[in-house]
Amino acid sequence: SATTLKSSPSSANEDQSESIPTITGLTEQEAKIYDRQLRLWGVRTQGEMRKHKLLIYGVDGLCCEMVKNLVLAGIGSIHIVDSANVTESDLASQFFVSQDDVGNNRAEASKARIQELNPLVSVEAKKMHVDEFSKEFLSQFNSVSLHGCTLSQQRNVAASCRELGIQFFSSETFGLYALCFQDLGPKFEYTLKDSPKAKVRYSTTYEVQYASFLDVHDKTEWNKVSRLSSTWIGLTLLQYYREEFGSYPSPASDVDQLKKFTTDFLQKHNLKEDAVTDEELASFTKNAGWAINPVCAIVGGVLAQEIIKSLSQDASPILNYFVFDAVESFSGFMEAIGVPEEKQISKELISKAEDT
């Protein structure tokens, strides 16, 4: 369950002092509440989070886990948007809504409980369809995260984000599986520092040229991607199926249609006939459209961590897909599709222990 951040009761004078920024740029109240994480990732990263404006579309179970982590961590502003209303099935994984919210907009119904987690974070909610996102609307934000959107919706928003220089994330759970994509831009840098216990410590900076969502789907030859997993192929195939037929295939009534679609899909992308087996595809299909709490919690934590890492720039980011499989390995792994190998652009000596 989510934990709400609370500050201890204070006098009027103490309240006034808490609104005065400290030398670090954080107020005294922020320094108290975020004390533990400041020790983890430092004042600079917390300051970057404080300025960050995140747009989220699709308030499903996975989204809720990600939002919970980011709000508790102190992200500056979250703007949640959804066009769908709360249904009975949402109650199984969407912990920001209750039975009384059924029939109401998912974003608007979630706002109050999200805000309760951390009063220092700005939370806005809006009823709006992703197809209505204009470049002017998107330009307000530093990053955008889509959840459960179709391929065409992801394409449109991703293209606008790349043009505007906005970091783009998209994700979806398929029951016991999940598929997540991120584009941190054509030139993303991060720096790794050697352990303080090392006798010789270096600070090494790397550069990654992320492929855009359109590049991955329109320009990359998937058959040439090293060790491309059957899970990525199968889940992506299902997204293409939904794009063509309007919904995921039924395990009972769409078997023949799915079989023909799979054959055509694999041939189109020059993938081997056994790139995804019938047994694997049957498992993916049975799980499509479902949200399972433990999977949402794990993957939501990874997504929140990636957004924080994009701000701290002090850890290796995911390049550029994260795939979760709770059936075969119960683990997540990275798929680098259309992304050139990261390159080292600088290496500086931090310290060198004297010989004793």
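About the criteria used
- Residues numbered from 1 in each chain as written.
- Predicted model: local features only at pLDDT ≥ 70, side-chain atom pairs only at ≥ 80, totals over all residues.
- Heavy atoms only, no water.
- Helix = DSSP H or I, 4+ residues; strand = E, 2+ residues; numbered from the N terminus.
- Rg over C-alpha atoms; globule rule 2.2 N^0.38 Å.
- Buried < 20%, exposed > 50% of the residue type's maximum accessible area, 1.4 Å probe, protein only.
- Contact = heavy atoms within 4.5 Å.
- Areas by Shrake-Rupley, 256 points an atom, 1.4 Å probe, with all protein chains shown as cover.
- Lys, Arg positive; Asp, Glu negative; His and termini not counted.
- Charge placed at Lys NZ, Arg CZ, Asp CG, Glu CD.
- Axes fitted to C-alpha atoms, helices over the stretch in contact; angles between N-to-C directions.
- Parallel < 35°, antiparallel > 145°, perpendicular 65-115°, else oblique.
- Left-handed = near helix turned anticlockwise from the far one by under 90°.
- Nonpolar A, V, L, I, M, F, W, Y, C, P; charged D, E, K, R; others polar.
- Pairing = 2+ DSSP bridges.
- Expected span 1.5 Å × (residues − 1).
- Phe/Tyr/Trp six-rings, centres within 6.5 Å; stacked < 30°, edge-to-face > 60°.
- Lys NZ or Arg CZ within 6 Å of the ring centre and 35° of its normal.

Student: Can you help me understand the overall build of the protein in this one?
Tutor: When helices and strands are counted, the protein shows twelve helices and eleven strands. Relative to the 2.2 N^0.38 estimate, which gives 21 Å for 356 residues, the radius of gyration of the protein is 22 Å and therefore close to what a compact globule would have. Taken over the C-alpha atoms alone, the protein extends approximately 70 × 65 × 40 Å along its principal axes. For the protein, with 356 residues in total, the buried portion stands at 49%. Taking all contacts inside the protein whose residues are at least 6 apart in sequence as the whole, residues at least 24 apart take part in 64%. For the protein, the computed accessible surface area is about 17800 Å², with 48% contributed by carbon and sulfur atoms. Mean positive and mean negative side-chain charge positions of the protein (35 and 49 charges, respectively) differ by 6 Å.

Student: Mind showing me how you'd approach the packing of helix α9 (residues 230-245) against helix α11 (residues 278-287) here?
Tutor: When two helices pack together, you describe them by how their axes are tilted relative to each other and by the distance separating the axes. The N-to-C vectors of α9 and α11 enclose an angle of 50°; their axes lie 10 Å apart at closest approach. Compared by their axis directions, α9 and α11 come out oblique. Handedness of the crossing formed by α9 with α11: right-handed. Contact residues: Ser230, Thr231, Gly234, Leu235, Leu237 and Leu238 in α9; Glu280, Leu281, Phe284 and Thr285 in α11. Looking at the contact of α9 with α11 residue by residue, the class counts come to five nonpolar, four polar and one charged.

Student: Any chance you could explain the sheet that holds strand β1 (residues 53-57) here in plain terms?
Tutor: The pairing of strands in a sheet comes from backbone hydrogen bonds and takes either a parallel or an antiparallel form. Pairing is mixed across the open sheet formed by eight strands, whose spatial order is β3-β2-β1-β4-β5-β6-β9-β10. Because the sheet does not close on itself, it has two edges, and the strands there are β3 (122-127) and β10 (331-335). Along the sheet, successive strands turn relative to each other by an average axial angle of 15°, direction set aside. When β1 meets strand β4 (residues 143-147), the two strands line up parallel, connected through four bridges. Across the sheet, Ile56 pairs through a bridge with Ser145, a residue of β4. With respect to the sheet, helix α5 (residues 106-117) is in contact with β2 (77-82) and β3, its orientation differing from that of β3 by roughly 165°.

Student: Any chance you could explain the sheet that holds strand β8 (residues 200-208) here in plain terms?
Tutor: Here three strands make up an open sheet; going across it, the order is β7-β8-β11 and the pairing antiparallel. At either end of the open sheet lies a strand with only one pairing partner, and these are β7 (188-193) and β11 (343-352). Strand-to-strand, the axes of this sheet are offset by a mean angle of 15°, without reference to chain direction. Alignment of β8 against β11, held across eight bridges, turns out to be antiparallel. Looking at β11, one finds that Tyr206 is bridged to Gln344.

Student: Where do I start with helix α7 (residues 151-164) in this structure?
Tutor: An α-helical turn contains 3.6 residues, so any two residues separated by three or four positions project in the same direction. Here α7 contains 14 residues, and its C-alpha end-to-end distance of 20 Å stays within 8% of the 20 Å for a straight helix at 1.5 Å per residue. By the burial criterion, the buried members of α7 are Leu151, Gln153, Gln154, Val157, Ala158, Ser160 and Cys161. On its buried face, α7 is in contact with α6 (135-138), β4, β5 (167-174), α8 (213-218) and α9. Backbone geometry just downstream of α7 places Gly165 in the positive-phi region, at approximately 75°.

Student: How should the packing of aromatic side chains be read in this particular structure?
Tutor: Aromatic ring pairs: the centre-centre distance and the angle between the two ring planes describe each pair. Summed over the entire model, instances satisfying the criterion amount to 22 aromatic pairs. Measuring from centroid to centroid gives 5.2 Å for Phe181 and Phe213, while their planes differ by 80°, and the two rings are edge-to-face. With Phe181 in strand β6 (residues 177-183) and Phe213 in helix α8, this residue pair connects regions lying 32 residues apart in the sequence. Accessibility assignment for this pair places Phe181 and Phe213 in one class, buried. Each residue in the set Phe168, Phe181, Phe213, Trp222, Trp232, Tyr240, Tyr241, Phe245, Phe261, Phe265 and Tyr321 is aromatic and connected to the rest through ring pairs, giving one cluster. Across from the ring centre of Tyr202, 4.6 Å away, lies the NZ or CZ of Lys347, which sits over that ring.

Student: Would you mind showing me how to read α11 here?
Tutor: Among all positions of α11, only Leu281, Ser283, Phe284, Thr285 and Asn287 are buried. In this fold, the buried residues of α11 make contact with β5, β6, α9 and α10 (255-268). Looking one or two residues beyond α11, the residue adopting positive phi is Gly289, at roughly 90°.

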